[in-house]
Amino acid sequence: YQYHYVLEALVQFLELSNQAVGDALSNLLMVEACLRVLNIGVNYWHKLFTDLPSKTSKVVIKDKSKIRTTNDETKVITPQGLQHDIDAVCSTVADSRAFVRPSGTEDVVRLHVEAPKAEDVARLTQKLSEAITKNSDLNLSLIHI
């Protein structure tokens, strides 16, 4: 019974959250719920977590609709080839990841990069901005935020 309850809670958690962009308040409430279900405290949970260096940049484009992602915004659908290049660049640094998604309000693409070392984040950000430029005709420029 307990296993089924925990599994169902995890499924509901994944359906509510957006792992690519998230919402701080809802994420906080979901973490609190998970900690209660698992019967662990914040101090123990904190010891399990290692925060990786990260950077969010935006790339100004003429038409954000040219970049399409999956519903969870973790993979690029179009332009074709861009997700392959993102995966290839990230594969050069163990435990790194990157997301590219169009802004909901501006004609920009948001680029989020995480890696174990800050210098890897900087290098991956540069290479990924080049990959975005290579895979599109969007007249891109990188702006660090």
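These numbers were taken from a predicted model, which means no experiment stands behind them.

**Let's talk about the overall build of the protein chain**
- A count of helical and extended segments in the protein chain gives five helices and six strands.
- Going residue by residue from the N terminus, the α and β elements of the protein chain occur as α-α-α-β-β-β-α-β-β-α-β.
- Expressed as a percentage of its 145 residues, the buried residues of the protein chain come to 32%.
- Counted over contacts in the protein chain with a minimum sequence separation of 6, partners at least 24 positions apart contribute 61%.

**Re the pairing of strand E4 (residues 97–102)**
- Where burial is concerned, most of E4 is hidden: five out of the six residues are buried.
- By the bridge criterion, six bridges tie E4 to strand E5 (residues 108–114) in an arrangement that is antiparallel. Bridging across to E5, Pro102 finds its partner in Val109.
- Linking two consecutive strands that pair antiparallel, namely E4 and E5, is a turn of five residues.

**Comments concerning the pattern of salt bridges**
- With the rule as written, the count across this model stands at seven salt bridges.
- For Arg97, the salt bridge goes to Glu114, with nearest N and O atoms at 2.8 Å. Note that Arg97 is positioned in strand E4 and Glu114 in strand E5, a separation of 17 residues in sequence.
- Since its relative accessible area comes to 38%, Arg97 is described here as partly exposed.

**A short note on the packing of helix H1 (residues 2–16) against helix H2 (residues 24–38)**
- Look at H1 against H2: their axes get within 11 Å of each other, and the N-to-C directions meet at 170°. It follows from the interaxial angle that H1 and H2 lie roughly antiparallel. Between H1 and H2, the residues in contact are Gln2, Tyr5, Val6, Phe13 and Leu16 and Met30, Val31, Cys34 and Val37, respectively.
- Here the contact of H1 with H2 is composed, by residue class, of eight nonpolar, one polar and no charged.

**Some details on the nonpolar core**
- Formed by 19 residues in total, the largest nonpolar core has its most connected members in Ile86, Val100, Val113 and Leu128.
- Excluding its chain neighbours within four sequence positions, the residues that come into contact with Val113 are Pro53, Ser54, Lys55, Arg97, Ala98, Val121, Leu124, Thr125 and Leu128.

**Considering the environment of Ser57**
- Turning to its location among the elements, Ser57 is positioned in strand E1 (residues 54–60).
- Overall, the relative accessible area of 1% leaves Ser57 in the buried class.
- Put simply, Ser57 and Val100 are 43 residues apart on the chain and 9.6 Å apart in space, counted from C-alpha to C-alpha.

**Observations regarding the side chain of His112**
- The residue His112 is located in strand E5 in this model.
- A residue is classified by how much of its surface remains accessible, and His112, at 19% relative accessible area, is buried.
- Of the polar contacts made by the side chain of His112, one reaches the side chain of Glu114; its length is 3.2 Å.
- Ignoring any residue separated from it by four or fewer positions in sequence, one finds His112 in contact with Ser54, Lys55, Thr56, Arg97, Ala98 and Phe99.

How each quantity is defined
- Residues numbered from 1 in each chain as written.
- Predicted model: local features only at pLDDT ≥ 70, side-chain atom pairs only at ≥ 80, totals over all residues.
- Heavy atoms only, no water.
- Helix = DSSP H or I, 4+ residues; strand = E, 2+ residues; numbered from the N terminus.
- Buried < 20%, exposed > 50% of the residue type's maximum accessible area, 1.4 Å probe, protein only.
- Contact = heavy atoms within 4.5 Å.
- Pairing = 2+ DSSP bridges.
- Salt bridge = Lys/Arg side-chain N within 4 Å of Asp/Glu carboxyl O.
- Axes fitted to C-alpha atoms, helices over the stretch in contact; angles between N-to-C directions.
- Parallel < 35°, antiparallel > 145°, perpendicular 65-115°, else oblique.
- Nonpolar A, V, L, I, M, F, W, Y, C, P; charged D, E, K, R; others polar.
- Core = buried A, V, L, I, M, F, W, Y, C linked by side-chain atoms within 4.5 Å.
- Polar contact = N/O pair within 3.5 Å; in protein donor to acceptor, adjacent residues only side chain to side chain.

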